[in-house]
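Residue-level listing of the chains:
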Amino acid sequence: MRIVILPDAADVACFAAQELAGIVRGKPDAVLGLATGSTPLGTYRHLIEVHQAEKLSFRRVQTFNLDEYLGLSSNHPASYRHFMNEHLFRFLDIPLEQTFVPRGDTSDVEGECQAYERRIVEAGGIDCQLLGIGSDGHIGFNEPGSSLASRTRVKTLAERTRLDNARFFASLDEVPTAAITMGIGTILEARQVLLLATGQGKAEAIREAVEGPLSSSLPASALQLHPSATIVVDEGAACRLQRADYYRLAEQQRRRLRKEA
Ligand code: PGA
């Protein structure tokens, strides 16, 4: 795993946006896996700036979001489809029909999950999957205990997750109790993964994900199995890492080698 420790959340956002922009520059029809939540907002703002400043086109890009609340329609203000339209897609030149988010209000949940997996395969697989991390270590809505081989399916939300996300709803009662989420197995098939975390509230989850044992009790630890996973954290989220000095050294060396090449 590559661990990148940056001074603050703005640097994390800038780094992630440059990574995503670099992928689209190199492959104009790239398939991006996207995430919602507070963490990627800065990344999306930077990406929009890059799109505008450099005229970087997303016309041929396809996107797959990690998850959606079960029962919410795409126009519900707290739905992840609405979030993506509002915070990213409407600012890019990407046709909306090339952006995929599981349909939370489907009457055929099983069919929707299978179709989502099929669409990812038909798109040629995900080039880079952007991830946040829950304070309980979840990725997507794969809560602790999720099978490390899981595929897109319905997961019951942990109470801690519902509490964490209540800020997006009028009250805790309105937070859905389940979601459709890509599985951990689905996420691990992305050719590259980029997990972002900022603030001390994520420090323990990051420590366990990076330095703890591989365990379904901490779903993000599954990234230890991925051949190309980059974990980008600010000083707050990095503050419990035991080997922080080593990660900084490795990054310095990486930059030096790149300059020499
Ligand atoms: P957050 O959510 O970015 O809003 O902290 C992350 C997550 O739950 O995956």
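Residues numbered from 1 in each chain as written. Predicted model: local features only at pLDDT ≥ 70, side-chain atom pairs only at ≥ 80, totals over all residues. Heavy atoms only, no water.

Peer 1: Is there a simple way to explain the site of the ligand in this structure?
Peer 2: The immediate surroundings of the ligand are formed by Gly37, Ser38, Thr39, Gly132, Ile133, Gly134, His138, Arg167 and Lys202. Residue Arg167 places a side-chain N or O atom 2.9 Å away from an oxygen atom belonging to the ligand. Measuring from an oxygen atom of the ligand, one finds a side-chain N or O atom of Lys202 at 2.6 Å. When the ligand sits alone it has 280 Å² of accessible area, and the protein chains cover 83% of it. Looking at side-chain class alone, the shell around the ligand contains 1 nonpolar, 6 polar and 2 charged residues. (Near = heavy atom within 4 Å. Polar contact = N/O pair within 3.5 Å; in protein donor to acceptor, adjacent residues only side chain to side chain. Areas by Shrake-Rupley, 256 points an atom, 1.4 Å probe, with all protein chains shown as cover. Nonpolar A, V, L, I, M, F, W, Y, C, P; charged D, E, K, R; others polar.)

Peer 1: Would you mind showing me how to read the sheet that holds strand E7 (residues 153-156) here?
Peer 2: Strand pairing in a sheet takes place through backbone hydrogen bonds and is either antiparallel or parallel in direction. The strand order E4-E8-E7 describes an open sheet built from 3 strands, whose pairing is antiparallel. Because the sheet does not close on itself, it has two edges, and the strands there are strand E4 (67-69) and E7. Averaged over all adjacent pairs, the angle separating strand axes in this sheet is 30 degrees, with direction ignored. (Pairing = 2+ DSSP bridges. Helix = DSSP H or I, 4+ residues; strand = E, 2+ residues; numbered from the N terminus. Axes fitted to C-alpha atoms, helices over the stretch in contact; angles between N-to-C directions.)

Peer 1: Can you help me understand the environment of Asp105 in this one?
Peer 2: Along the chain, the position of Asp105 falls in the loop between strand E5 (99-100) and helix H4 (109-122). Note on Asp105: relative accessible area 43%, which makes it partly exposed. Residues Asp105 and Glu68, spaced 37 residues apart in sequence, show a C-alpha to C-alpha distance of 9.4 Å. Every residue in contact with Asp105, bar those within four places of it in the chain, is listed here: Gly71, Leu72 and Ser73. (Buried < 20%, exposed > 50% of the residue type's maximum accessible area, 1.4 Å probe, protein only. Contact = heavy atoms within 4.5 Å.)

Peer 1: Would you mind going over the nonpolar core with me for this structure?
Peer 2: Soluble globular proteins tend to bury their nonpolar side chains together. Grouped together as the largest cluster of nonpolar side chains are 35 residues, with contacts concentrated most on Phe64, Leu195, Ile206 and Leu241. Those elements giving two or more residues to this core turn out to be strand E1 (2-6), H4, strand E9 (193-197), helix H7 (203-211), strand E10 (229-234), helix H8 (235-238) and helix H9 (244-260). Leave out the neighbours within four places in its chain, and Leu241 touches Ile3, Ile5, Ile206, Arg207, Val210, Glu211 and Tyr247. With 31 residues, the next largest nonpolar core counts Leu34, Val50, Phe83 and Met84 among its residues. (Core = buried A, V, L, I, M, F, W, Y, C linked by side-chain atoms within 4.5 Å.)

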